[in-house]
Amino acid sequence: MYRRLYGEKSSHRDIASVVTEMGINHRERSQYDKAQICFDQVLAMYKDDNSLDPVVNLNTGNVLCHIGHVYRAQSNFEEARDIYMRALETYRTAYNGEKHESVAFVLLLIGDNLKSQHKYNVASDYYSQSLDMYRQIYAEMDSPKSLATALNVQGEKYESMEMYGKAEELFVEALNIYKAVYGENNESVALTLRKIGHNFYAKKDYHTADEYYRKAKSIYQRVHGRKSLDTGAAVTLRCLGLNCVERGDQHLSEQYMLEALDSFQRIYGDKTNNVDVAVTFNNLGVIYMQKGNHTEAAVHFQNGLLMRFALHGEHTNHLETAHMLYNLGDNNIDLREYELAEESLLKALAMYRAIYVRDGVKHDVAKALNTLGVNYTDWGYHEKAEPYYHEAILLRRELYEKECGNVLLAQAISNLGRNLQGQNNFKEAEKSFSESLAMYKDIYKNTPNIIISESYRDNGDNYHCMGKYERAVDNYDRGLAALKHLANNDNVTLLRADILQCKGQSLTQMKQYNISEECLAEALHVYKTVLGEATAAKD
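Analysis parameters
- Note on numbering: residues in each chain are counted from 1, in written sequence order.
- Given that the model is predicted, a residue must reach a pLDDT of at least 70 before its local features are reported, and side-chain atom pairs must reach 80 or more before they are shown or counted; all residues, however, enter totals for whole chains, interfaces and linings.
- No hydrogens and no water enter the side-chain calculation; it runs on all heavy atoms of the structure.
- The helix count covers DSSP runs of H or I at least four residues long, the strand count covers runs of E at least two residues long, and both are numbered beginning at the N terminus.
- To sort residues, take the accessible area from a 1.4 Å probe on protein chains only and compare it with the maximum for the residue type: under 20% means buried, over 50% means exposed, and anything in between is partly exposed.
- Here, residues are in contact when the closest pair of their heavy atoms is within 4.5 Å.
- Throughout, the Shrake-Rupley method with a 1.4 Å probe supplies accessible areas, and for residues the shown protein chains are the sole cover considered.
- By the counting scheme adopted, Arg and Lys are positive, Glu and Asp are negative, and His together with the chain ends is not counted.
- We put the charge of a Lys on NZ, of an Arg on CZ, of an Asp on CG and of a Glu on CD.
- To estimate how far a helix should reach, multiply one less than its number of residues by 1.5 Å.
- By definition, a salt bridge exists where a carboxyl oxygen of Asp or Glu is found within 4 Å of a side-chain nitrogen of Lys or Arg.
- Working definition: a ring pair exists when centres of Phe, Tyr or Trp rings (six-membered ring for Trp) sit within 6.5 Å. Plane angles under 30 degrees give stacked, over 60 give edge-to-face, the rest tilted.
- In the analysis that follows, any N or O atom pair within 3.5 Å is treated as a polar contact, provided that within protein one partner can donate a hydrogen and the other can accept it, and provided that, for residues neighboring in sequence, both atoms belong to side chains.
- Angles here are taken between N-to-C directions and fall from 0 to 180 degrees, while the axes themselves are lines fitted to C-alpha atoms, restricted in helices to the stretch in contact.
- These descriptions rest on fixed angle ranges, namely under 35 degrees for roughly parallel, over 145 for roughly antiparallel, 65 to 115 for roughly perpendicular, and the rest for oblique.
- Cysteine sulfur atoms are paired as a disulfide whenever they come within 2.5 Å of each other.
- Each residue carries a pLDDT value, the predictor's own confidence for that position, ranging from 0 to 100.
- Put simply, a crossing is left-handed when the front helix is turned counterclockwise from the back one by less than a right angle, and right-handed when it is turned clockwise.

Caption draft 1: Quick peek at the overall build of the protein. Scanning the protein for helices and strands turns up 26 helices and zero strands. Along the first, second and third principal axes, the C-alpha set of the protein runs to 95 × 50 × 45 Å. For the protein, the proportion of its 539 residues judged to be buried stands at 49%. Here the contacts in the protein between residues at least 6 apart in sequence split such that 57% fall between residues at least 24 apart. A total accessible area of about 26500 Å² is found for the protein, and carbon and sulfur atoms account for 48% of it. If the 61 positive side-chain charges of the protein are averaged to one point and the 74 negative ones to another, these points end up 1 Å apart.

Caption draft 2: Spotlight on the environment of threonine 149. Within the element layout of this structure, threonine 149 appears in helix α8 (residues 144-160). As a C-alpha pair, threonine 149 and alanine 174 span 25 residues in sequence and 7.2 Å in three-dimensional space.

Caption draft 3: Layout of helix α2 (residues 13-28). End to end, α2 covers 22 Å across 16 residues, agreeing with the expected 22 Å (1.5 Å per residue, within 8%). For α2, the complete set of buried residues consists of Ile15, Ala16, Val19, Thr20, Gly23, Ile24, His26 and Arg27. Two residues or fewer past α2, serine 30 is found with a positive phi of approximately 65°.

Caption draft 4: The arrangement of the pattern of salt bridges in detail. Scanning the model with the defined rule gives 29 salt bridges in all. In this structure, arginine 238 and aspartate 276 form a salt bridge, with 3.4 Å as the shortest nitrogen-oxygen distance. One end of the pair, arginine 238, is in helix α12 (residues 231-247); the other, aspartate 276, is in helix α14 (residues 275-290), with 38 residues separating them in the sequence. On the basis of relative accessibility, which here comes to 18%, the residue aspartate 276 falls in the buried class. Here glutamate 343 and lysine 347 are joined by a salt bridge, their closest N and O atoms 3.5 Å apart. In this pair, glutamate 343 and lysine 347 both sit in helix α17 (residues 338-355), four residues apart, roughly one turn of the helix. One connected set of salt bridges, linked through shared partners, spans Glu78, Arg81 and Asp82.

Caption draft 5: The packing of aromatic side chains, seen in detail. Counted under the stated rule, the structure contains 10 aromatic pairs. The interplanar angle of 5° and the centroid separation of 6.2 Å between the aromatic rings of tyrosine 376 and tryptophan 379 together place this pair among those described as stacked. With tyrosine 376 and tryptophan 379 both in helix α18 (residues 363-379) and three residues apart, this pair spans about one turn of that helix. Classification of tyrosine 376 as buried rests on a relative accessible area of 1%. Ring centres of tyrosine 376 and tyrosine 388 lie 5.5 Å apart, and the angle between their planes is 35°; on these two criteria the pair is classed as tilted. Of this pair, tyrosine 376 sits in helix α18 while tyrosine 388 sits in helix α19 (residues 382-399), and the two are 12 residues apart along the sequence.

Caption draft 6: Examining helix α22 (residues 450-465) more closely. The terminal C-alpha atoms of α22, which comprises 16 residues, lie 23 Å apart, in line with the 22 Å expected from a rise of 1.5 Å per residue. Three or more residues of α22 are buried, namely Ile452, Ser453, Ser455, Tyr456, Arg457, Asp458, Asn459, Gly460, Asn462 and Tyr463. Two or three places before isoleucine 451, at the start of α22, stands the capping residue asparagine 449, its side-chain oxygen 2.8 Å from that residue's backbone nitrogen. Looking at the residues trailing α22, positive phi occurs at glycine 467, about 80°.

Caption draft 7: Main features of the packing of helix α5 (residues 77-94) against helix α6 (residues 101-116). Close contact between α5 and α6 brings their axes to 9 Å; oriented N to C, the two are set at 170°. Judged by the angle between their axes, α5 and α6 are roughly antiparallel. Mapping the contact onto sequence places Phe77, Ala80, Arg81, Tyr84, Met85, Ala87, Leu88, Tyr91 and Arg92 in α5 and Ser102, Val103, Val106, Leu107, Leu109, Ile110, Asn113 and Ser116 in α6.

Caption draft 8: Highlighting the state of the cysteines. Counted under the stated rule, the structure contains zero disulfides. In this structure cysteine 239 is not part of a disulfide, and its nearest cysteine sulfur, from cysteine 244, lies 11 Å away. We classify cysteine 244 as buried; its relative accessible area is 2%.

Caption draft 9: Highlighting the confidence of the model for the protein. For the protein, the mean per-residue pLDDT works out to 90, and 93% of the residues sit at or above 70. Contacts from residues 1-11, a stretch scored under 50 in pLDDT, to residues over four places away or in other chains number 16 contacts. Predicted confidence is poor over residues 534-539, with pLDDT under 50, and the contacts of this stretch with residues over four places away or in other chains come to three contacts.

Caption draft 10: Just the packing of α14 against helix α15 (residues 294-312), in detail. Taken N-terminus to C-terminus, the directions of α14 and α15 make an angle of 160°; their axes are 8 Å apart at the nearest point. Taken together, the axis directions place α14 and α15 in an arrangement best described as roughly antiparallel. Here α14 runs over α15; the crossing is left-handed. Where α14 approaches α15, its residues Val275, Val277, Ala278, Val279, Phe281, Asn282, Leu284, Gly285, Val286, Tyr288 and Met289 are matched on the opposing element by His294, Glu296, Ala297, His300, Phe301, Asn303, Gly304, Met307, Arg308 and Leu311.

Caption draft 11: A look at the environment of tyrosine 469. Checked against the element boundaries, tyrosine 469 lands in helix α23 (residues 469-483). Taking C-alpha positions, tyrosine 469 is 67 Å from tyrosine 178, a pair spaced 291 residues apart along the chain. Discounting residues that sit within four places of it in the chain, tyrosine 469 has contacts with Tyr463, His464, Ser506, Gln509 and Met510.

Caption draft 12: Representation of the environment of lysine 195. The topology assignment puts lysine 195 in helix α10 (residues 187-202). In contact with lysine 195, not counting residues within four places along its chain, are Asn152, Glu156, Glu159 and Phe171.

Caption draft 13: Unusual backbone geometry, seen in detail. Of note, lysine 204 is a non-glycine position whose phi angle comes to about 70°, a positive value. By the secondary structure assignment, lysine 204 is in the loop between α10 and α11 (206-224).

Caption draft 14: Molecular detail of the side chain of glutamine 117. Examined against the element boundaries, glutamine 117 turns out to sit in the loop between α6 and α7 (120-141). Within the structure, glutamine 117 has its side chain in polar contact with the backbone oxygen of asparagine 113 (distance 3.2 Å). Excluding anything up to four places from it in sequence, glutamine 117 contacts Phe77 and Glu78.

Caption draft 15: How the structure looks around the side chain of serine 432. Locating serine 432 in the fold gives a position in helix α21 (residues 426-444). If sequence neighbours within four positions are ignored, serine 432 has contacts with Ile413, Leu416, Gly417 and Leu420.

This is the structure in structure tokens:
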């Protein structure tokens, strides 16, 4: 309509406003090329407007920010930095160098861009400049609620940089402001309690996280009722579910997550494609996967993926879509659907590579490479698996070169050993198993951990295959000794049975039949107790 009124080449601001909205629409759907075209057109319109009206400069700053977002979404961080700096100068010009929310906001965006590059110290400097400006602005405006909002936003930034102490400090300040303004029973209070809970969740203090999540849940229920259609309440249920996963309470985690899914579907409609619903489907998939219900997990991963495809397009490189593809592939390995796993994992890997093409931090790329290796190993394609392990190990050595050891690196090295063992290359496998075991021992020091026992078992299995039965038994005994210091649960008990069975087999080869029989009898007893008579007999 605007183009008909003012002409195709008109620089009228109404046209610019509509084209800007079109650009935002394309960006939200990850259609970055189309978004860039729209924003470039708008910039040209404002450039042609010779008016000295500061609104023009303000709008130019807004569009520059949108362009910066497009670059940052594609990991083009240097280009994003230059654009954000232009926006900062544009706003400063528009406001004659005075303090303004727009200036503070761009400082925040510059910090975000640096954070995406893991330049946390420099990012923190920009966040501090931004918050200092917000404090001065909102003090002059006598707007404590606006300051509390800014504090919560900044708290999330510090949490994502693993600066948990600073994050908690900002969240608590925001919480005290909201309580002073609204009293205890208010959505903003509940929201901030949830943010504090998430900060504890991020630093693995799951007990304290649970306390804050429950406080937030209680407030939402008092404000809206137990079956309210409120997104904040639904998100809190989802947080409680994820926290229960980490606390080992799978039943309660499933219960909370199903409640969250029901709430989101009632809020948005059960036929509506929505990010919250897609995320919750994925979370439920993870819960079912951990419970060993891989068929149910696959259904939920697929439901989440279908929503992601509807929202962003099947071939659009989107991080959350890549995560869901990875989860589906990882789950299909447990279902022994190796071809389907390969398909999903290769798609996830391609997305991760595209997303991080300009980013030096490639944790997810290494994760996908390692899991593809596992898929091919389990599938029996050992030669095909090997290059994936080597690339994963190379990436993880680069990522963790400043650390004395890393669990993920040790895991990839151990997986390579298992793959070499599958090719009867026991000597090379021995090197991998010994290196990963040494790393695990260095990582966990004297702290009991099931991974140490598993690593001893893997070493023992490899020595058994080499015919070095005494060394195999020695590793099995070390693995069993490590298990004695762990609290009993099904995983620990079953690993103990597995090691006893392996030890019994090695002792048989050494003709120590009486001791072998004792080990095998004890293993059988454990299997029958944990798995039941029928399953143990089949195993």
